[in-house]
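Remarks on the overall topology
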Amino acid sequence: MEHDAHMHHDSSWRTAVSATLHCLTGCAIGEVLGMVLATWWGWGNAASILLAIALAFFFGYLLTFTSVRRHGLGPRDAVRAAIAADTVSILVMELVDNGFVLAVPGALDAGLADALFWTSLVASLLIAFVVTVPVNRWMIGRGRGHAVVHAMH
């Protein structure tokens, strides 16, 4: 019995890491695209952050939506599954990574050619990943978040 609980525990952590990597992919696409576009267009910090967050949610949801559509879900159910699976994960990731970038002196003022722009963005996403894995693990353990999507596979 103890062995079964241990196996479930390991599997849940693996699932949480997998779910968080999936979330990180969507968030990273949105964050990088948003920051690059806003910097290129000369937008201010607030608009830049809002665009990056909006695109992170869009791409995070889109990745899950296309995945569950490939597994046979209709469009309406696929949207519901993506929202159920990803909202908390993306929200945590966005709070952490944007909070980190805001805390790094000069990061928001750095241009696309500046190492500080890219290093702070990469570091923020890595830190967000580390913080979000236990959140996803907790949600999966309660049958929420990516547990909804993994049940479909």
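Before reading further, recall that the structure is shown in the block above.
This is a predicted model, so every value here is computed, not measured.

1. A look at the nonpolar core
Residues Cys23, Leu24, Cys27, Ile90 and Met93 are the most contacted members of the largest nonpolar core, which totals 16 residues. Those elements that provide at least two residues to this core are helix H1 (2-40), helix H2 (45-70), helix H3 (75-103) and helix H4 (115-141). In this structure, Cys27 is in contact with Ala56, Ile90, Met93 and Glu94, ignoring residues within four places of it in sequence.

2. Brief notes about the state of the cysteines
If you walk through the whole model with that rule in mind, you get zero disulfides. Cysteine Cys23 remains unbridged, with the sulfur of Cys27 as its closest cysteine sulfur at 3.8 Å. Residue classification places Cys27 among the buried residues on the basis of a relative accessible area of 0%.

3. So, H4
Taking 1.5 Å of rise per residue, the 27 residues of H4 would be expected to cover 39 Å, and the 39 Å separating its terminal C-alpha atoms lies within 8% of that figure. When the local axis directions of H4 are compared, the greatest deviation, roughly 30 degrees, occurs at Thr132, which is followed within four positions by the proline Pro134. Remark: Gly143 follows H4 within two positions and exhibits a positive phi of approximately 75 degrees.

4. Looking at the environment of Cys23
Relative to the assigned elements, Cys23 resides in helix H1. For the pair Cys23 and Ala85, spaced 62 residues apart in the sequence, the C-alpha separation amounts to 9.5 Å.

5. Comments concerning the side chain of Thr132
In this fold, Thr132 is placed in helix H4. Here Thr132 falls in the buried class, since its relative accessible area comes to 0%. Within the local environment of Thr132, its side chain forms a polar contact with the backbone oxygen of Ala128, the two atoms lying 2.6 Å apart. Other than its neighbours up to four places away in sequence, Thr132 contacts Thr20, Ser89, Val92 and Met93.

Scoring rules and cut-offs
- Residues numbered from 1 in each chain as written.
- Predicted model: local features only at pLDDT ≥ 70, side-chain atom pairs only at ≥ 80, totals over all residues.
- Heavy atoms only, no water.
- Core = buried A, V, L, I, M, F, W, Y, C linked by side-chain atoms within 4.5 Å.
- Buried < 20%, exposed > 50% of the residue type's maximum accessible area, 1.4 Å probe, protein only.
- Helix = DSSP H or I, 4+ residues; strand = E, 2+ residues; numbered from the N terminus.
- Contact = heavy atoms within 4.5 Å.
- Disulfide = S-S within 2.5 Å.
- Expected span 1.5 Å × (residues − 1).
- Bend = angle between axes of the 7 residues up to and from the residue.
- Polar contact = N/O pair within 3.5 Å; in protein donor to acceptor, adjacent residues only side chain to side chain.

Spatial relationships are all this shows, so hold off on functional conclusions.
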